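Residue strings, one per chain:
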Amino acid sequence: MSQETYGFIGLGNMGGPMSGRLLAAGYKVAVYDRDEAALARVVGKGGIRCASALEVANTATTIFLSLPDGPIVQHVVAGPEGVAGGKAVTCVVDLSTIGPRAAIAAFKSLAERNIAYVDCPVSGGVGGAERGTVAVMVACPRERYETLSPVLKNFGPLFYMGVEAGLGQTMKLANNLLSAAAVAITSEAMAMGVKAGLDPEVMLDVINAGSGRNSATMEKFPKAVITGTFNIGFAAKLAYKDVRLCVEESESLGVPMMVGSAVREMLVVTNAVYGKDADYTDVARLLETWGGVPIRKRVK
Ligand code: NAD
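Since we're looking at a predicted model, the values are computed, not measured. (Residues numbered from 1 in each chain as written. Predicted model: local features only at pLDDT ≥ 70, side-chain atom pairs only at ≥ 80, totals over all residues. Heavy atoms only, no water.)

Regarding the layout of surface pockets
Let me state the cut-off plainly: A 1.4 Å probe that fits but cannot get out identifies a cavity on a 1 Å grid over protein atoms alone, an open set with protein on both sides within 12 Å along at least five of seven lines counts as a pocket, and a residue lines either if it has an atom within 4 Å of a point. Grid points are joined across faces, edges and corners, and a volume is the space filled by probe spheres set on the points. Working definition: helices are DSSP H or I runs of at least four residues, strands are E runs of at least two. Numbering for both runs from the N terminus. In this count, Pro and Cys sit with the nonpolar residues alongside Ala, Val, Leu, Ile, Met, Phe, Trp and Tyr, while Asp, Glu, Lys and Arg are called charged and the others, Gly among them, polar.
Estimates place the volume of the second largest pocket at around 150 Å³. Glu4, Tyr6, Thr147, Leu148 and Val151 are, among the 11 residues lining the second largest pocket, the residues nearest its centre. Here the lining of the second largest pocket takes 5 residues from helix H7 (residues 142–152), the largest share from any one element. Residue classes in the lining of the second largest pocket are distributed as 6 nonpolar, 3 polar and 2 charged.

In structure tokens:
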């Protein structure tokens, strides 16, 4: 085990359990989150408390980020009290989903200070972050990928996406477009079936044994829709950000996304109706309201 001190900034739904995995594996980790409750949870697991991103960067050589979006990453990297001014940091590994343009901007800001930026988004949800099974999409020079692999493997299986910052993000946006489309279309199919008289649990069993199977029918609906909890742990506003970035990237490449645009609008409406704390699975609640049918487990 290396005696290097790592850093972790952004200790929310994903960063909390991922930093926890590093601590459980015996790494020293300096941690910071602007939310005291999130910070205290990871300090309780052995994280070294820091008062700012700059303090993390004065303490740790390699720093992981798990932050909501591109503007926040840019602020934490290059803003006042940001990582770029740190005395110890040599490498920033960004686990956030921010899209390729924001990744390239962060790469450039850090390169000015001779700090490496590794574009490294992850997929697999909060459960995957806890179990160490998220797909880790790494874009950086090969040598750095090899050096980082032992520590990154604590998060899940690694996939090398190429040298350039932004390639990991592009991969992640393609994945999340599919994930969001699955939530939206599963909501429609389930509302239709339940309103016609089918049992939602039986519907999911049949779909999961058949060709309609997807990440929403396998995990999100059984856990957080038919139970009525709507708490899969991924904010609808973050899902919207991902699909918006994906459709924008696609348009700029000259690839039309008609279905993707419809999925994006479903997330716009979910946020408008259920507010800033809406969960990803609240898309299904929209269909419950529009269809006039609860998609809930039957009392037997
Ligand atoms: P989250 O909102 O739960 O966590 C983000 C954390 O960043 C919060 O604790 C917040 O307080 C902190 N933060 C915000 N601004 C900060 C600042 N300026 N300085 C320090 N801390 C700050 O979000 P999450 O669900 O953990 O997602 C994190 C990233 O991972 C996002 O980019 C998201 O798109 C991506 N992601 C999420 C999931 C998921 O299922 N939740 C899965 C894969 C990827």
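Topic: the nonpolar core
Quick reminder of the rule: Nonpolar core, defined: a set of buried Ala, Val, Leu, Ile, Met, Phe, Trp, Tyr and Cys residues in which side-chain atoms within 4.5 Å join the residues together. A simple rule labels every residue: compare its accessible area, found with a 1.4 Å probe on the protein chains alone, to the largest value its type can have, and call it buried under 20%, exposed over 50%, or partly exposed in between. Contacts were defined at the residue level, with two residues in contact if any of their heavy atoms lie within 4.5 Å.
By size, the foremost hydrophobic cluster in this structure holds 34 residues, and its most contacted members are Met190, Phe221, Val243, Leu267, Tyr280 and Ile295. Not counting residues up to four positions away in its chain, the partners in contact with methionine 190 are Pro200, Met203, Leu204, Ile207, Phe221 and Ile295. Membership of the second largest hydrophobic core comes to 31 residues, among which are Ala116, Cys120, Val122 and Ala129.

Focus: the pairing of strand E2 (residues 28–32)
Defined as follows: Strand pairing requires that DSSP identify at least two bridges connecting the strands. Look down the strands so they point away from you; if the path from the first strand over the helix to the second goes clockwise, the crossover is right-handed.
Of all the 5 residues making up E2, 4 are buried; the element is thus mostly covered by neighbouring parts of the structure. Both strand E1 (residues 5–9) and E2 contribute to a ladder of 5 bridges, which runs parallel. Paired with glycine 7 across the two strands is alanine 30, which belongs to E2. Between the parallel pair E1 and E2, the chain is carried across by helix H1 (residues 15–24), and the sense of this crossover is right-handed. When E2 meets strand E3 (residues 48–49), the two strands line up parallel, connected through 2 bridges.

Regarding the site of the ligand
For the record, the criterion: The cutoff for a nearby residue is simple: one of its non-hydrogen atoms must lie within 4 Å of the molecule or strand. Two N or O atoms count as a polar contact when they lie within 3.5 Å, although within protein this holds only if one can serve as hydrogen donor and the other as acceptor, and sequence-adjacent residues are included solely when both atoms are side-chain atoms. Surface exposure here means Shrake-Rupley accessible area, sampled with a 1.4 Å probe, where a residue is shielded only by the protein chains that are shown. Residue ranges for the domains trace back to a domain assignment, done automatically or taken from a database.
The environment of the ligand is formed by 22 residues, the closest being Met14, Asp33, Leu67, Thr97 and Lys241. Within the contact set of the ligand, an oxygen atom lies 2.9 Å away from a backbone nitrogen or oxygen of threonine 97. One of the backbone nitrogen or oxygen atoms of glycine 233 is found 3.2 Å away from a nitrogen atom of the ligand. When isolated, the ligand has an accessible area of 830 Å², and the protein chains bury 88% of it. Of all the secondary structure elements, the ones that give two or more residues to the shell around the ligand are helix H4 (70–78) and helix H11 (236–253). By residue class, the composition of the shell around the ligand is 9 nonpolar, 8 polar and 5 charged. The residue makeup of the shell around the ligand includes at least three contributed by each of domain 1 (5–165) and domain 2 (170–291).

As for H1
In an α-helix, one turn spans 3.6 residues, which is why side chains three or four residues apart end up on the same side. Along H1, 8 of the 10 residues are buried, which leaves the element largely enclosed by surrounding structure. Within the span of H1, buried status applies to Gly15, Gly16, Pro17, Met18, Ser19, Gly20, Leu22 and Leu23. Looking one or two places after H1, you find glycine 26, whose phi comes out positive at around 100 degrees.

Here we look at the pattern of salt bridges
Put simply, the rule is: By definition here, a salt bridge exists when the distance from a side-chain nitrogen of Lys or Arg to a carboxyl oxygen of Asp or Glu is within 4 Å.
Using the criterion set out here, one finds 12 salt bridges in the structure. Notably, a salt bridge pairs arginine 101 with glutamate 249, separated by 2.6 Å at the nearest N-O pair. Residue arginine 101 is located in helix H5 (residues 100–111), and its partner glutamate 249 is located in helix H11; the two are separated by 148 residues in the primary sequence. For arginine 101, a relative accessible area of 53% gives the class exposed. Using a relative accessible area of 17% as the deciding quantity, one classes glutamate 249 as buried.

Interpretation in functional terms is not warranted from these geometric data alone.
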